[in-house]
Amino acid sequence: MSRGADRTTRQLTDQQLGQQNQLISQADRTSSADRSTLMPAIQSFLNSQGFTPQQQSAITQQSMGVANTAFDALRERAANRAAATNNSAGFGDLTAQLGREQAQTDASQAQQNQIAFANQKLNNQLAGLSALGETYGIDTNLLGKAMGVPAELLGVRQRASDGSSIGGAGSLIGPLTSVASMFG
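Residues numbered from 1 in each chain as written. Predicted model: local features only at pLDDT ≥ 70, side-chain atom pairs only at ≥ 80, totals over all residues. Heavy atoms only, no water.

Novice: Please clarify how the packing of aromatic side chains should be interpreted in this entry.
Specialist: Each aromatic ring pair is specified by the distance between its two centres and by the angle formed by the two planes. Evaluated as defined, the whole model comprises one aromatic pair. A ring pair is formed by phenylalanine 51 and phenylalanine 117, whose centres lie 5.9 Å apart and whose planes are at 80 degrees; its orientation type is edge-to-face. Placement of phenylalanine 51 in the loop between helix H1 (3-46) and helix H2 (53-85) and of phenylalanine 117 in helix H3 (residues 91-136) is noted, with a sequence separation of 66 residues between them. Classification of phenylalanine 51 as partly exposed rests on a relative accessible area of 23%. (Phe/Tyr/Trp six-rings, centres within 6.5 Å; stacked < 30°, edge-to-face > 60°. Helix = DSSP H or I, 4+ residues; strand = E, 2+ residues; numbered from the N terminus. Buried < 20%, exposed > 50% of the residue type's maximum accessible area, 1.4 Å probe, protein only.)

If you want it as structure tokens, here you go:
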């Protein structure tokens, strides 16, 4: 290449790098504003205790109420049958069996509720971690598209400079080359 072509290549490359740096700076300012807006919600997820005690109580009452209603209906049916037939034989054994089954069902439901409460806490914390990772993580796909600087362009700039000292935006070539290598 002639000296004029080298100079033009350096100027065009520097211009492109300047535009890219401006876009990156603007995206960084926007990203910082977005992060400061999102952090309280993310922090809330990370510190989440799951359901509140009031919610846990309501869930427990509802789930136990549903299970107990079925057993109450069975007891009432057994009492009605004993009254209709005027024969109470086996009624005591039947109610004792219903009581045992109700106790097992209630214990199982209480265990399921405790697992659901723990899972809710864990899910909230995982959602917070995921949001935190996405907030501070680098989306390499987006970064590559935003920069739009193919590795070949950086190589051209370096070759055009022919090892001479580069000032201004050219001092970003080292960092940009390492970033561009992630995409190339």
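Novice: Sorry if this is basic, but what is going on with the pattern of salt bridges here?
Specialist: Note that side chains of opposite charge can pair when their charged atoms are close. Under the counting rule described, the total for this entry stands at one salt bridge. One salt bridge in this structure joins arginine 75 and aspartate 72, with 3.5 Å as the shortest N-O distance. With a gap of three residues between them, arginine 75 and aspartate 72 both fall in helix H2, about one helical turn apart. (Salt bridge = Lys/Arg side-chain N within 4 Å of Asp/Glu carboxyl O.)

Novice: Hey, could you run me through H3 in this one?
Specialist: In an α-helix, one full turn covers 3.6 residues, which means residues spaced three or four apart are oriented alike. Compared with an ideal rise of 1.5 Å per residue, which puts 46 residues at 68 Å, H3 spans 67 Å between its outermost C-alpha atoms and is within 8% of the ideal. What H3 keeps buried is the set Leu98, Gln102, Asp106, Asn113, Phe117, Asn124, Gly128 and Thr135. Check the buried side of H3 and you find it contacts H1 and H2. (Expected span 1.5 Å × (residues − 1). Contact = heavy atoms within 4.5 Å.)

Novice: Is there a simple way to explain the confidence of the model for the protein chain in this structure?
Specialist: Regions with low pLDDT should not have their predicted coordinates read in detail. Chain-level statistics for the protein chain give a pLDDT mean of 75 and a share of 73% at 70 or above. When the criterion is pLDDT under 50, residues 151-155 qualifies, and its contacts beyond four places in sequence or with other chains add up to nine contacts. Predicted confidence is poor over residues 164-184, with pLDDT under 50, and the contacts of this stretch with residues over four places away or in other chains come to 26 contacts. (pLDDT = per-residue confidence, 0-100.)

Novice: I keep staring at a nonpolar patch on the surface and nothing clicks. Help me out?
Specialist: On the surface, a nonpolar cluster with roughly 280 Å² of combined accessible area is contributed by Leu122, Leu126 and Leu129. You can see leucine 126 is positioned in helix H3. Here leucine 126 falls in the partly exposed class, since its relative accessible area comes to 45%. (Patch = residues over 30% accessible without salt bridge, like charges linked within 9 Å, V, L, I, M, F, W, Y side chains within 5 Å. Areas by Shrake-Rupley, 256 points an atom, 1.4 Å probe, with all protein chains shown as cover.)

Novice: I keep staring at the packing of H2 against H3 and nothing clicks. Help me out?
Specialist: A packed helix pair is summarised by two numbers, namely the angle formed by the two axes and the spacing between the axes. Their axes nearest at 10 Å, the elements H2 and H3 cross at an angle of 165 degrees. With respect to H3, the element H2 is oriented roughly antiparallel. Pair H2 / H3 crosses with right-handed handedness. Its residues placed into classes, the contact of H2 with H3 shows 13 nonpolar, nine polar and three charged. (Axes fitted to C-alpha atoms, helices over the stretch in contact; angles between N-to-C directions. Parallel < 35°, antiparallel > 145°, perpendicular 65-115°, else oblique. Left-handed = near helix turned anticlockwise from the far one by under 90°. Nonpolar A, V, L, I, M, F, W, Y, C, P; charged D, E, K, R; others polar.)

Novice: I keep staring at H1 and nothing clicks. Help me out?
Specialist: Of all the bends found along H1, the most pronounced is centred on leucine 38 and spans about 40 degrees, while proline 40, a proline, follows it within four residues. Asp6, Thr9, Thr13, Leu17, Gln20, Asn21, Arg35 and Ile42 are the residues of H1 that are buried. (Bend = angle between axes of the 7 residues up to and from the residue.)

Novice: In this structure, what is going on with the environment of tyrosine 136? I would like to understand it.
Specialist: Examined against the element boundaries, tyrosine 136 turns out to sit in helix H3. Residue class for tyrosine 136 comes out partly exposed when judged on its relative accessible area of 48%. For the pair tyrosine 136 and arginine 35, spaced 101 residues apart in sequence, the C-alpha to C-alpha distance is 8.0 Å. Ignoring sequence-local partners within four residues, the contact set of tyrosine 136 consists of Arg35 and Met39.

Novice: Help me out: how do you make sense of the packing of H1 against H3 in this one?
Specialist: Across the interface, H1 lies against H3 with an axial gap of 7 Å and an inter-helix angle of 155 degrees. By the angle between their axes, H1 is roughly antiparallel relative to H3. For the crossing formed where H1 meets H3, the hand is left-handed. Judged by residue contacts, Arg35, Leu38, Met39, Ile42, Phe45 and Leu46 of H1 engage Asn124, Gln125, Ala127, Gly128, Leu129, Ala131, Leu132, Thr135 and Tyr136 from H3. Residue composition of the contact of H1 with H3, grouped by class: ten nonpolar, four polar and one charged.

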